[in-house]
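Chain by chain, the residues:
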Amino acid sequence: MTQVLYELAGKDGRRFSPYCWRVRLALAHKGFDADIVPVAFTEKATIAFSGQKLVPVLVEDGQTVTDSWRIACHLEERYPDRPALFPGHIGRGMARFTSSWLDTAVFPPLFQLLVADIIDHIEPKDRDYFRATREKRLGRPIEATLEERDTHLEDFRAALTPARALLAEQDFLNGQGPAHADYVLFSAFQWARGASPIAIIEPDDAIYPWRARMLELFDGLARSVPAYDY
């Protein structure tokens, strides 16, 4: 069997796509080590074969699967004999809820917090594209977010309250061991580590030791690429 993962790449080995990290960790959870193909923001032609323009893209023995959620479901359904990404009767629903919660409550302030730093960690050829697409989303210049960083950081930390309450009582969102819900949440922290020196979580936060445990999973997979640390 051959597996190839196409994932977003910044310059100097930076990997800050939260969606690509979900797949990297899902593959590791299942015991796989796919070949990685880096794809810059403007290298859409590299993944044109997939019929769309977004990473991650997983190619497995000629089968192409796109979208981080669909890839996780594919891995779970094709390899039921390997460690479960969605353990128990609520595992899939919990992971899906975690993804929706991040997209609607956690990622909006985190994006505004990180966007001005991300542009410093992408290839020069990608910067005009990145600026145009992100400023369209923001409705203002990227630099305008710098004036509100304290507010965005406060909003991001407040949005983590549900996870904070749970992780104060157990080691992982899933319980005693990690599962896909944990990888979904952790992807936010990998996004930040790859893009910005801002310490988005403090050592006295209940989430901090969980983050430390996640960093050490799979022989330190999350530490295997250049990133900031704190």
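Note that this is a predicted model, so its numbers are computed, not measured. (Residues numbered from 1 in each chain as written. Predicted model: local features only at pLDDT ≥ 70, side-chain atom pairs only at ≥ 80, totals over all residues. Heavy atoms only, no water.)

Draft legend 1. Region of interest: the overall build of the protein. Looking only at helices and strands, the protein has 8 helices and 4 strands in total. Its helices and strands in sequence order give the protein the pattern β-α-β-β-β-α-α-α-α-α-α-α, from N to C terminus. Since a compact globule built from 230 residues should have a radius of gyration of about 17 Å, the 17 Å found for the protein is in line with a globular shape. Projected onto its principal axes, the C-alpha coordinates of the protein cover approximately 50 × 45 × 30 Å. Across the 230 residues that make up the protein, the buried fraction comes to 52%. On the protein, the mean spot of the 27 positive side-chain charges and the mean spot of the 33 negative ones are 4 Å from each other. (Helix = DSSP H or I, 4+ residues; strand = E, 2+ residues; numbered from the N terminus. Rg over C-alpha atoms; globule rule 2.2 N^0.38 Å. Buried < 20%, exposed > 50% of the residue type's maximum accessible area, 1.4 Å probe, protein only. Lys, Arg positive; Asp, Glu negative; His and termini not counted. Charge placed at Lys NZ, Arg CZ, Asp CG, Glu CD.)

Draft legend 2. Structural detail: helix α4 (residues 124–138). Taking 1.5 Å as the rise per residue, α4 with 15 residues should run 21 Å; its terminal C-alpha atoms sit 21 Å apart, in good agreement. Every buried residue belonging to α4 is among D126, F130, R134 and L138, and all of these are buried. Those residues of α4 that are buried lie in contact with α3 (91–118). Downstream of α4 by one or two residues, G139 has phi in the positive range, about 75°. (Expected span 1.5 Å × (residues − 1). Contact = heavy atoms within 4.5 Å.)

Draft legend 3. How the structure looks around the packing of α3 against helix α7 (residues 180–195). Running from N to C, α3 and α7 point in directions that differ by 5°, and their axes come no closer than 10 Å. On the basis of the axis angle, α3 is roughly parallel to α7. In this structure, α3 contributes M94, A95, T98, S99, W101, L102, F107, L110, F111, L114, D117 and I118 to the contact, and α7 contributes H180, A181, V184, L185, S187, A188, W191, A192 and A195. (Axes fitted to C-alpha atoms, helices over the stretch in contact; angles between N-to-C directions. Parallel < 35°, antiparallel > 145°, perpendicular 65-115°, else oblique.)

Draft legend 4. Region of the structure containing the pairing of strand β1 (residues 3–8). Burial of β1 is extensive: 5 of the 6 residues sit out of reach of the surface. As defined by bridge partners, β1 adjoins strand β3 (residues 57–60) across 4 bridges and the pair is classed as antiparallel. Note on β3: the bridge partner recorded for V4 is V59. Here β1 pairs with strand β2 (residues 35–39) via 5 bridges, running parallel. Paired with V4 across the strands is D35, a residue of β2. (Pairing = 2+ DSSP bridges.)

Draft legend 5. Region of interest: the environment of W21. Tracing the backbone through its elements, the reader meets W21 in helix α1 (residues 18–29). Note: C-alpha distance between W21 and W191 (170 residues apart in sequence) is 8.4 Å. Setting aside its immediate chain neighbours within four residues, W21 contacts R15, F16, S187, Q190, L221, A222 and V225.

Draft legend 6. Seen up close, the state of the cysteines. Counted by the stated rule, this structure contains 0 disulfides. C20 carries a free sulfur, and the closest cysteine sulfur to it, the one in C73, is 17 Å from it. (Disulfide = S-S within 2.5 Å.)

Draft legend 7. Examining the side chain of S187 more closely. Relative to the elements of secondary structure, S187 occurs in helix α7. Every residue in contact with S187, bar those within four places of it in the chain, is listed here: P18, W21, R22, L102 and F107.

Draft legend 8. How the structure looks around the side chain of Q190. Relative to the assigned elements, Q190 resides in helix α7. The residues contacting Q190, other than those within four sequence positions of it, are R15, F16, W21, L215 and A222.

Draft legend 9. The pattern of salt bridges, seen in detail. Within this structure, the stated rule accounts for 18 salt bridges. A salt bridge links R92 to E77; its shortest N-O distance comes to 3.7 Å. Of this pair, R92 sits in helix α3 while E77 sits in helix α2 (residues 68–78); the two residues are 15 residues apart in sequence, bridging distant segments of the chain. Classification of R92 as partly exposed rests on a relative accessible area of 34%. With a relative accessible area of 55%, E77 lands in the exposed category. Note that R193 and D229 form a salt bridge whose closest N and O atoms lie 3.8 Å from each other. Here the residue R193 occupies a position in helix α7, and D229 occupies one in the segment after α8 (207–220), the gap between them amounting to 36 residues. Put simply, R193, R211, E216, R223 and D229 are held in one network by salt bridges that share partners. (Salt bridge = Lys/Arg side-chain N within 4 Å of Asp/Glu carboxyl O.)

Draft legend 10. Inspection of the sheet that holds β1 at higher detail. Taken in spatial order, the 4 strands of this open sheet run β2-β1-β3-β4, and their pairing is mixed. Pairing within the sheet leaves two strands with one partner each, and these edge strands are β2 and β4 (63–66). Geometrically, the sheet is characterised by an average inter-axis angle of 20° between neighbouring strands, direction not taken into account. Each of β1, β2 and β3 is contacted by α1, which is oriented at about 155° to β1, the strand it contacts most.

Take it as geometry only, folks, not as evidence of what the structure does.
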